[in-house]
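# Chain and residue survey
Okay, here's what each chain looks like letter by letter:
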Amino acid sequence: MRMSEKGVGLLLGAARELGIELEPYLDQFLLLYQRLMEANQITNLTAIRDEAGVILKHFVDSLSCLKSEKLSGELKVVDVGTGAGFPGLPLKIVKRELEMSFLDATKKKIEFIEGVCRELGLSNTHCIWGRAEELGWKTGHREAYDRVLSRAVASLDTLSELCLPLVKVGGIMIVQKGPGVRNELNRARGAIRTLGGALADVITFDLPVLGEPRSLVIIEKIQTTPPGFPRRVGVPAKNPLS
């Protein structure tokens, strides 16, 4: 299932609204689109199945992380709860210098990402099947990443416990959120502080073409996460820190 000419125009135009010129990477985005749509016919990788939805809500939305201006250079990055590879795959395509790890608890999604990375020739990538609560305790992962990314997979207080233990001191956590982020921030301030983080910025904008409100929550890791965090699998979601 190939992207239509109309879809190509939509992708290039929406990315241009973000200040990103995708022409040099177009072939890779076309192949990613084709593989995602083919795989989604066999297994449920994403609930978004229409062409415009995939282009805008997966590809362009992922690229909006670049508005943070925190993803340049040879950084070690992990995408927590990546699903079918978003935002990590589009970001890796345009930022080859990033060492990108993809973490998800669903094996078929990690296997899809592995295959796509090979076919796209994306080197310096790591696909991890597992849970953030477990990875946050492992040597080589705990406080080892310059940047930790996550798209709205959980509330901000829960995400802070899943992600901040992976961020090195001086590193940054970037969370993609929609409307209502201020209420989430108010609830999460205690958790962020407890886990060694501090709110650095909230960048608000509208997703190109759709006009849907988006926010990038930028949290800096200012001190080591205390022993005891993250708690065991499932606890951060069921009983978020206050």
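Provided above is the structure to which this section pertains.
Remember, it's a predicted structure, so these values are computed and weren't measured experimentally.

### Quick word on the side chain of Gln 34
- Position of Gln 34 relative to the elements: it lies in helix 2 (residues 26–42).
- Look past the residues within four positions of Gln 34 in its chain and what remains in contact with it is Met 1 and Arg 2.

### Considering the pattern of salt bridges
- In total, this model carries twelve salt bridges according to the counting rule given.
- The closest approach of N and O atoms between Asp 61 and Arg 151, which form a salt bridge, is 3.0 Å. One end of the pair, Asp 61, is in helix 3 (residues 51–63); the other, Arg 151, is in strand 4 (residues 145–151), with 90 residues separating them in the sequence. Each member of the pair, Asp 61 together with Arg 151, is buried.

### Description of the sheet that holds strand 6 (residues 197–206)
- The strand order across the open sheet built from seven strands is 3-2-1-4-5-7-6, with neighbouring strands paired in mixed fashion. Strand pairing shows two members of the sheet lacking a second neighbour, strand 3 (125–129) and strand 6, which therefore form its edges. Here the strands of the sheet are splayed against their neighbours by 15° on average, with no regard to which way each runs.
- Along the sheet, helix 3 contacts strand 4, strand 5 (167–177) and strand 7 (213–221); its crossing angle with strand 4, the most-contacted strand, is approximately 150°.
- Docked against the sheet, helix 5 (residues 107–120) engages strand 2 (99–104) and strand 3, running at close to 165° with respect to strand 3.

### What about the state of the cysteines?
- A full pass over the atoms with the stated rule returns zero disulfides.
- Sulfur of Cys 65: no disulfide; nearest cysteine sulfur belongs to Cys 163 and is 12 Å away.

### Concerning unusual backbone geometry
- Cis geometry is adopted by the peptide bond preceding Pro 87, which originates at Phe 86 and carries an omega value of 15°.
- One non-glycine residue with positive phi stands out, namely Glu 69, at about 60°.
- If you trace the backbone, Glu 69 turns up in the loop between helix 3 and strand 1 (76–80).
- With a phi close to 75°, Val 209 is a non-glycine residue in the positive phi region.
- In this structure, Val 209 sits in the loop between strand 6 and strand 7.

### Comments concerning the packing of helix 2 against helix 5
- It is at 11 Å that the axes of helix 2 and helix 5 come closest, and there the two elements cross at 150°. Between helix 2 and helix 5, the angle is such that the two are roughly antiparallel. Crossing hand, helix 2 versus helix 5: right-handed. Counting all contacts with helix 2, which are made through Gln 28, Leu 31, Leu 32, Arg 35, Leu 36 and Ala 39, the residues of helix 5 involved are Phe 112, Val 116, Glu 119 and Leu 120.
- Broken down by class, the residue content of the contact of helix 2 with helix 5 amounts to seven nonpolar, one polar and two charged.

What counts, and where the lines are drawn
- Residues numbered from 1 in each chain as written.
- Predicted model: local features only at pLDDT ≥ 70, side-chain atom pairs only at ≥ 80, totals over all residues.
- Heavy atoms only, no water.
- Helix = DSSP H or I, 4+ residues; strand = E, 2+ residues; numbered from the N terminus.
- Contact = heavy atoms within 4.5 Å.
- Salt bridge = Lys/Arg side-chain N within 4 Å of Asp/Glu carboxyl O.
- Buried < 20%, exposed > 50% of the residue type's maximum accessible area, 1.4 Å probe, protein only.
- Pairing = 2+ DSSP bridges.
- Axes fitted to C-alpha atoms, helices over the stretch in contact; angles between N-to-C directions.
- Disulfide = S-S within 2.5 Å.
- Parallel < 35°, antiparallel > 145°, perpendicular 65-115°, else oblique.
- Left-handed = near helix turned anticlockwise from the far one by under 90°.
- Nonpolar A, V, L, I, M, F, W, Y, C, P; charged D, E, K, R; others polar.

Any link to function would need more than the numbers given here.
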